Amino acid sequence: MDARVFSPFIDTFFQVLPGLGIKNVERGRLSLKEKLSAARDVTALIGLSGGIRGNIAISMDLAAAKKIASIMMMGRPVETLDDIAQSAIAEMANMLSANAMTIVGQNGVAMQVSPPTLITGEKISCIVSQVKSLNVEIYTEAGIIEINIGLES
Amino acid sequence: MKIRILVVDDSPFIYKAIARILPEDDYEICGSGKNGQEGVELYQRLKPDVVTMDITMPIMDGLAAAREILRRDPKAKIIMLSAMGDEEIVQEAKTAGIKMILKKPFKAPDMLAALSKVYALDNSDAEDAAQQDDNYLEYFRTALKDTLQDMAGLECSFGETELQQGILESEGLAVILGIAGKMTGRVILDTSREVACRLCGMMNGEEYGLEDDFVLFSLAEFLNILSGNATTNINNSHRGLNLRLAPPSVFVGRRLNINSPKVKAHMIRMETAAGAINLSVGFEGS
């Protein structure tokens, strides 16, 4: 698979996060996995269909999720990841995927995205999708955000 | 409380077809008439929630009967069943104030969708719009029932439906599948890992353990197939929606909470011989 198909899903972080007030966005480790999986505390899952079919899972630890929600809510302290904090994370995921959809569209491919579903819990042992996927760590001031991109060729 | 249906049709075949697809828990046929005249009399006596009315019938045809019923009760909820060649009458029926016209032969989900939509009509656009989701829900309900039968040989009832608000507390295993197109949303199959193992066993004729990855792949494929059937039928009946599916993902964990803040969802709870299986179907911004 052409590695360039992945880049819109990474570039979108650099375009969206600074606009939300999240600073120091840098790309970290990049690895290829046999299955799409994400095992951090908080995961936003978004389905892709149309010209590109697959899933992206945006995953982070609870501390990072709370910090991001706090930044998005103008610095309001976030003690627990309650309904409002969760919808902030979902909104971030929604913006990241919508922006990626725009970039993909500019490349001449019509991709559609589904609304984000947020998964939280203890010991999430696995997330499975039977496709090879790319795992990229994005470093931010709030902590690491991991994006897992699983595309069907 | 069950929704009471009056069936007015000169064909016993149609009566049977309707009786067969109505979920017993939610509907009852409170009466049946063989012609328009009987239909008008029975409506007066039984005051049903919804009437299904054939167009071509002896003595008094369906259109004349519907006009008479609507004259006496302007809020009467009537579904006209039209056959080939009834096109002109269909136009007349619309101008007469018939809310819903269904073509024969009809598919089970289309009839159920029509019944629930017409039943919920309250001369208010808001409710009409909200009801739209329930229509799509019927396609998934039917697909779940059919797929359980086809893939696992499980006979099931139509299950119970409730509005699903806020966070879904998973039983332990959730398959999530995104939907995009003219409408966007997601469908989630949720069950316990034990039930998943039993269901997988029934689908494949072998026994599987809790740690077996094959169970996850089987459940993913199960949701994929049932959602494919549901959306194909929705797309065929609602031109221009063009719903498309993303591949399924499976989540397993303890105290798994699932939240789709942008989605309004309904939950179908199905009791099967393998155990409880839940299907949450939700669309965005409705």
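To start, this report covers the structure provided alongside it. Numbering of residues begins from 1 in every chain and follows the order in which that chain's sequence is written. Lettering of chains starts at A and numbering of ligands starts at 1, both following the order in which they are written. Under the rules for a predicted model, residues below a pLDDT of 70 receive no local features and side-chain atom pairs below 80 are neither given nor counted, while totals for whole chains, interfaces and linings still include all residues.

Examining the overall build of chain B
No. 1: Helices and strands together make up the secondary structure of chain B, namely eight helices and 13 strands.
No. 2: In terms of overall size, chain B behaves like a compact globule, its C-alpha atoms giving a radius of gyration of 21 Å where 286 residues would be expected to give roughly 19 Å.
No. 3: Once the C-alpha set of chain B is aligned to its principal axes, its extents read approximately 65 × 35 × 35 Å.
No. 4: For the exposure call, what matters is how many other C-beta atoms sit within 10 Å of a residue's own: 20 or more marks it buried, 12 or fewer exposed, and in between partly exposed, using C-beta atoms placed from the backbone. Here chain B holds 286 residues, and the buried ones make up 45% of them.
No. 5: Remark: residues whose backbone-derived C-beta atoms lie within 7 Å of one another are considered to be in contact. In chain B, the share of contacts with a sequence separation of at least 24, taken over all contacts with a separation of at least 6, comes to 64%. Here a strand is any run of E in DSSP of at least two residues, a helix any run of H or I of at least four, and the numbering for each starts at the N terminus. C-alpha atoms define the radius of gyration in this analysis, and the globule rule sets the expected value at 2.2 Å times the number of residues to the power 0.38.

What about the overall build of chain A?
No. 1: Scanning chain A for helices and strands turns up three helices and seven strands.
No. 2: Its helices and strands in sequence order give chain A the pattern α-β-β-β-α-α-β-β-β-β, from N to C terminus.
No. 3: Taking the principal axes of its C-alpha atoms as reference, chain A extends roughly 40 × 35 × 25 Å.
No. 4: The buried share among the 153 residues of chain A stands at 48%.
No. 5: Restricting the contact set of chain A to residue pairs at least 6 apart, pairs at least 24 apart contribute 68%.

Description of the interface of chain A and chain B
Size of an interface, as often reported, equals the accessible area lost when the parts are brought together.
No. 1: Between chain A and chain B, the contact holds 33 residues from the first and 32 residues from the second.
No. 2: When contributions to the side of chain A that touches chain B are tallied by element, the ones reaching two or more residues are β2 (42-50), β3 (53-60), α3 (83-106), β4 (111-113) and β5 (117-128) of chain A.
No. 3: For the side of chain A that touches chain B, the element with the most residues is β5(A), which contributes twelve residues.
No. 4: Each residue gets one label: Ala, Val, Leu, Ile, Met, Phe, Trp, Tyr, Cys and Pro are nonpolar, Asp, Glu, Lys and Arg are charged, and the others, such as Gly, are polar. For the side of chain A that touches chain B, the residue count by class is 13 nonpolar, 16 polar and four charged.

Comments concerning the pairing of strand β11 (residues 249-259) of chain B
All names here are of chain B.
No. 1: Among the eleven residues of β11, eight are classified as buried, and the element is accordingly described as predominantly covered.
No. 2: Two strands form a pair only when DSSP identifies at least two bridges running between them. Across two bridges, the pairing between strand β7 (residues 168-169) and β11 is antiparallel. From the neighbouring strand, E169 faces β11, where its bridge partner is N257.
No. 3: Relative to β11, strand β8 (residues 173-180) is paired through four bridges, and the arrangement is antiparallel. Within β11, the position partnered with I176 by the bridge is S249.

Notes on the packing of helix α2 (residues 36-46) of chain B against helix α3 (residues 62-72) of chain B
Residues and elements named next belong to chain B.
No. 1: Between N-to-C directions, angles span 0 to 180 degrees; the directions come from axes that are lines fitted to C-alpha atoms, helices contributing only their stretch in contact. Put simply, α2 and α3 touch, their axes get as near as 8 Å, and they point 20° apart. The orientation of α2 relative to α3 falls into the category roughly parallel. Crossing geometry of α2 relative to α3 is assigned as right-handed. Between α2, through G36, G39, V40 and Y43, and α3, the contact on the second element is made entirely by G62, A64, A65, E68 and I69.
No. 2: Here the contact of α2 with α3 is composed, by residue class, of five nonpolar, three polar and one charged. Roughly parallel means an angle under 35 degrees; roughly antiparallel means over 145; roughly perpendicular covers 65 to 115; every other angle is labelled oblique. In a left-handed crossing the near helix is turned counterclockwise from the far helix by less than a right angle, and in a right-handed crossing that turn is clockwise.

Brief notes about the environment of B:H266
No. 1: Examined against the element boundaries, B:H266 turns out to sit in strand β12 (residues 263-272).
No. 2: Residue classification places B:H266 among the partly exposed positions, given that 19 C-beta atoms sit within 10 Å.

A look at unusual backbone geometry
No. 1: You will see that A:M74, though not glycine, has its phi angle at about 55°, which is positive.
No. 2: As for its placement among the helices and strands, A:M74 is situated in the loop between α2 (62-72) and α3.
No. 3: A:M74 sits in the exposed class, given 7 other C-beta atoms within 10 Å.
No. 4: One non-glycine residue, B:K47, lies in positive phi territory at about 45°.

Quick notes on the sheet that holds strand β2 (residues 27-33) of chain B
All names here are of chain B.
No. 1: A sheet is described by the order of its strands in space; here five strands give the open sequence β2-β1-β3-β4-β5, paired in parallel fashion. Each of the sheet's edge strands pairs with one partner strand only, and the pair in question is β2 and β5 (100-103). Direction aside, neighbouring strands of the sheet carry axes that sit 25° apart on average.
No. 2: Both strand β1 (residues 3-8) and strand β3 (residues 50-54) contribute to a ladder of four bridges, which runs parallel. Counterpart to I5 in the pairing with β3 is V50.

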